[in-house]
Amino acid sequence: MVLGSKIHLSGATREEFLNDPYWVAHEMEHIRQFQEHGKFGFLRRYLLDWLRHGYYNIPFEVAAREAAVLNAALYTRGQPLPDPAKMHQGAR
Ligand SMILES: [Zn+2]
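Residues numbered from 1 in each chain as written. Predicted model: local features only at pLDDT ≥ 70, side-chain atom pairs only at ≥ 80, totals over all residues.

Asker: Can you break down the overall build of the chain residue by residue, with the values?
Answerer: A tally of regular secondary structure across the chain gives four helices and two strands. In the chain, the succession of α and β elements from N to C terminus is β-β-α-α-α-α. The C-alpha atoms of the chain give a radius of gyration of 13 Å, which matches the 12 Å a tight globule of 92 residues would have. Projected onto the principal axes, the alpha-carbon positions of the chain cover approximately 40 × 25 × 25 Å. Across the 92 residues in the chain, those meeting the buried criterion constitute 24%. Here the contacts in the chain between residues at least 6 apart in sequence split such that 68% fall between residues at least 24 apart. (Helix = DSSP H or I, 4+ residues; strand = E, 2+ residues; numbered from the N terminus. Rg over C-alpha atoms; globule rule 2.2 N^0.38 Å. Buried ≥ 20, exposed ≤ 12 C-beta atoms within 10 Å, placed from the backbone. Contact = placed C-beta atoms within 7 Å.)

The following block contains the structure:
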């Protein structure tokens, strides 16, 4: 979960997170969205869209899932890009 420029992990270690470039790319997209819309703009829209569309279809989440696949190569830390089927649940 992203709040401002910080990523808060729940049920995963920092290493698990950093070893999943899809997940990192997903959360980096949320940071970008947060910066674009501002703290209250982001949270307000995120919550309203959650109520309107359900979690999976929140446009911020749809965009973050797309960014996970598009941008994962930026966060591989020199390793080969893993199989997308193995990405963490948090990035799906
Ligand atoms: Zn997300």
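Asker: Could you give me a rundown of helix α3 (residues 39-53), with the residues and numbers involved?
Answerer: End to end, α3 covers 21 Å across 15 residues, agreeing with the expected 21 Å (1.5 Å per residue, within 8%). The element α3 is barely covered by neighbouring structure, given that only one of its 15 residues are classed as buried. Directly beyond the C-terminal end of α3, a positive phi value near 85 degrees is found at G54. (Expected span 1.5 Å × (residues − 1).)

Asker: Please give an account of the packing of helix α2 (residues 21-37) against α3 that cites residues and values.
Answerer: It is the contact of α2 with α3, at a shortest axis distance of 6 Å, that shows an interaxial angle of 115 degrees. It follows that α2 is roughly perpendicular to α3 by the angle criterion. Considering the relative orientation of α2 and α3, their crossing is right-handed. Where α2 abuts α3, its residues Q33, F34 and H37 lie against K39, G41, F42 and R45. The class makeup of the residues in the contact of α2 with α3 is two nonpolar, three polar and two charged. (Axes fitted to C-alpha atoms, helices over the stretch in contact; angles between N-to-C directions. Parallel < 35°, antiparallel > 145°, perpendicular 65-115°, else oblique. Left-handed = near helix turned anticlockwise from the far one by under 90°. Nonpolar A, V, L, I, M, F, W, Y, C, P; charged D, E, K, R; others polar.)

Asker: Break down helix α4 (residues 59-71) for me, citing the residues and quoting the values.
Answerer: Its 13 residues give α4 an end-to-end C-alpha distance of 18 Å, which sits within 8% of 18 Å, the value for a rise of 1.5 Å per residue. Those residues of α4 that fall on the buried side of the exposure criterion are E61, A64, A67 and A68. When α4 is viewed along its axis, its buried side chains cluster within an angular range of 115 degrees and face the same direction. Contact partners of the buried residues in α4: α2. (Arc of directions from axis to C-beta.)

Asker: Can you break down the nonpolar core residue by residue, with the values?
Answerer: Listed in full, the 11 residues of the largest apolar core are Y22, W23, V24, A25, A64, A67, A68, A72, Y75, M87 and A91. Those elements that provide at least two residues to this core are α2 and α4. The greatest single-element share of this core, amounting to four residues, is contributed by α2. If we skip the residues at most four places from it in the chain, A91 touches D20, Y22, W23, H26 and A68. (Core = buried A, V, L, I, M, F, W, Y, C linked by C-beta atoms within 7 Å.)

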